[in-house]
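# An overview of the molecular structure
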Amino acid sequence: MVGIPLGRSGIGMHGAMWCFHCSCYASPPWQASVGLARCWGIHSPSGMEAQCCRSAAFDCTPQPAACCPDWMAGLPDALPLSLLSIPGTHDSLSLFGGRRLRCQSWGLEAQLAAGVRFLDVRCKLARGELHVYHLCTFQRASLRGVLRRTLRFLRAHPGEAVLMRIKEELPIFSRPGFAAQLQRCLLEEGQGSVWCQEEMPTLGQVRGKIVVLEALAQEVLGIPYEQLSISDAWNVLSLERKWMQARRHLERAASGDPATMHLTFCSGNGLFTCPEEVARFVNPRCYQHLRRRRGQPVCWGVVIMDFPGAGLLQLIVESNGLQASRHITAAPSSPTVPLRHPHSRGDRCRSQHSSAHCPRRGPLGRTLLPAPCLCRRT
């Protein structure tokens, strides 16, 4: 058995055990029940891992073990987003579809309260609206609803910012009207609180706002996703190889160009595995990897996970304090950071898009970003 009885220690009474493999408390088998955060399996690490519902690195229960809703508020305004370590979720709204498709157990509000600041939203255009899907499974949400719920959180926590990757799900060919409907949603629901420019902003420029990362083929509605540094080996044939790829990219983020945003997907799926199994394997290794650098000023970039645990989120968030202390606070009017990427497509309709860079003043003197401007890539 991978654990020790705690007896009368005052923690874990009634025969509770500490699981070294999962870093959580285990209940004896006669007390275990489905749906509770129990840890009990056969007498092997793999069996223990298979039955654990909550640990520092992995959590498939409905609510996070801890909340961190205002972690950005204390960071300097002048920090570019590319210098932040940001916890994120893959297929953030994928709560339905069974074991093969389900990627998260926390709802949107719970993710944001836990500290998640990158959302991966996959949409299909149906009956004139953008609905959230994972593959062919409807996730009982619309993009409009996701924008409203996210902005409601940001109004309650104005020091925060949320990155949102918006992608058309499974298009063999992009559906006509998808980009126009996306622009309409951002314009009508954003209400001046959506960053739709191509430049990498500073944190001060986007507090209280959604920062759009778009993956459109032609139109410009946000930071171009294809110009970021991304590791997304989603088709998993070997769990060990998947972790090695993620670890290499995390180290690239820690030592790479500070003007480039790095996105590391720790998530995956495959013919002989599923998102939960990948998360059970990769998340604890990611937790241990980041823990070894705890106390050092490291930028991990955007770390994107399925079923993250509160401890893993905390490790990612904590690294920003030391990183910020290294950054010389600039004036509030410091310019945005231009994107740099070796595979840039060149000028992207600058003359048509230039008017979108002029801020306007709203009530109480707050600077509001302009309405989304749609133009064409060349």
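These numbers come from a predicted model, not from an experiment.

Below, the discussion takes up the state of the cysteines. Scanning the model with the defined rule gives zero disulfides in all. Cys103 takes part in no disulfide bond, and the closest cysteine sulfur to it belongs to Cys274, at a distance of 9.4 Å. For Cys103, a relative accessible area of 0% puts it in the buried group. Free of any disulfide, Cys123 has its nearest neighbouring cysteine sulfur in Cys185, separated by 8.0 Å.

What follows is about a positive patch on the surface. A cluster of basic side chains, namely Arg247, Arg248, Arg252 and Arg292, defines a positive patch on the protein surface. In terms of residue count, helix α6 (residues 239–255) provides more of the positive patch than any other element does, three residues in total. Relative to the helices and strands, Arg247 resides in helix α6.

Here we come to the layout of surface pockets. Volume-wise, the second largest pocket comes out at about 340 Å³. Around the second largest pocket, the lining comprises 18 residues; the ones closest to its centre are His90, Arg122, His134, Leu135 and Trp234. Grouping the constituent residues of the lining of the second largest pocket by class yields five nonpolar, six polar and seven charged.

Trans peptide bonds make up most of the peptide bonds, and negative phi angles are found at most residues other than glycine. Its identity as a non-glycine residue notwithstanding, Asp91 has a phi of 45 degrees, on the positive side. Relative to the elements of secondary structure, Asp91 occurs in the loop between β3 (86–89) and α2 (108–114).

Okay, the packing of aromatic side chains next. Counted according to the given criterion, the structure contains two aromatic pairs. Note on Tyr133 and Phe138: the rings are 5.6 Å apart at their centroids and 50 degrees apart in plane angle, and the pair reads as tilted. With relative accessibility at 37%, the residue Phe138 sits in the partly exposed group. Above the face of the Tyr133 ring, Lys124 is positioned so that its terminal group lies 4.9 Å from the ring centre. A cation over a ring is seen here: Arg285 above Phe281, with NZ or CZ 3.6 Å from the ring centre.

This paragraph deals with the nonpolar core. Of all hydrophobic cores here, the largest spans 55 residues; its most connected members are Val121, Leu143, Leu182 and Leu186. In contact with Leu182, other than residues within four places in its own chain, are Leu130, Leu143, Ile166, Leu216 and Leu221. Counting 27 residues, the second-largest nonpolar core is a separate cluster that includes Leu83, Leu228, Leu263 and Val317.

Below, the discussion takes up the pattern of salt bridges. Taken as a whole, this structure holds 18 salt bridges when the rule is applied. Salt-bridge contacts for Asp91 lead to Arg122; the nearest nitrogen and oxygen are separated by 3.9 Å. Of the two residues, Asp91 is situated in the loop between β3 and α2 and Arg122 in strand β4 (residues 118–126); the sequence distance between them amounts to 31 residues. Overall, Arg122 belongs to the buried group, its relative accessible area being 9%. A salt bridge links Glu251 to Arg293, with the nearest nitrogen and oxygen atoms 3.3 Å apart.

One can describe the packing of α6 onto helix α7 (residues 275–292) by two numbers: an axis separation of 10 Å at closest approach and a directional angle of 35 degrees. Crossing of α6 over α7 shows right-handed handedness. For the pair formed by α6 and α7, the contact residues are Leu239, Glu240, Lys242, Trp243, Arg247, Leu250 and Glu251 on the first element and Val278, Phe281, Val282, Arg285, Cys286, His289 and Leu290 on the second.

What counts and how
Residues numbered from 1 in each chain as written. Predicted model: local features only at pLDDT ≥ 70, side-chain atom pairs only at ≥ 80, totals over all residues. Heavy atoms only, no water. Disulfide = S-S within 2.5 Å. Buried < 20%, exposed > 50% of the residue type's maximum accessible area, 1.4 Å probe, protein only. Patch = residues over 30% accessible without salt bridge, like charges linked within 9 Å, V, L, I, M, F, W, Y side chains within 5 Å. Areas by Shrake-Rupley, 256 points an atom, 1.4 Å probe, with all protein chains shown as cover. Salt bridge = Lys/Arg side-chain N within 4 Å of Asp/Glu carboxyl O. Lys, Arg positive; Asp, Glu negative; His and termini not counted. Charge placed at Lys NZ, Arg CZ, Asp CG, Glu CD. Helix = DSSP H or I, 4+ residues; strand = E, 2+ residues; numbered from the N terminus. 1 Å grid on protein atoms, 1.4 Å probe; cavity = no way out; pocket = protein on both sides within 12 Å on 5 of 7 lines; lining within 4 Å. Points joined across faces, edges and corners; volume = space filled by probe spheres on them. Nonpolar A, V, L, I, M, F, W, Y, C, P; charged D, E, K, R; others polar. Phe/Tyr/Trp six-rings, centres within 6.5 Å; stacked < 30°, edge-to-face > 60°. Lys NZ or Arg CZ within 6 Å of the ring centre and 35° of its normal. Core = buried A, V, L, I, M, F, W, Y, C linked by side-chain atoms within 4.5 Å. Contact = heavy atoms within 4.5 Å. Axes fitted to C-alpha atoms, helices over the stretch in contact; angles between N-to-C directions. Left-handed = near helix turned anticlockwise from the far one by under 90°.

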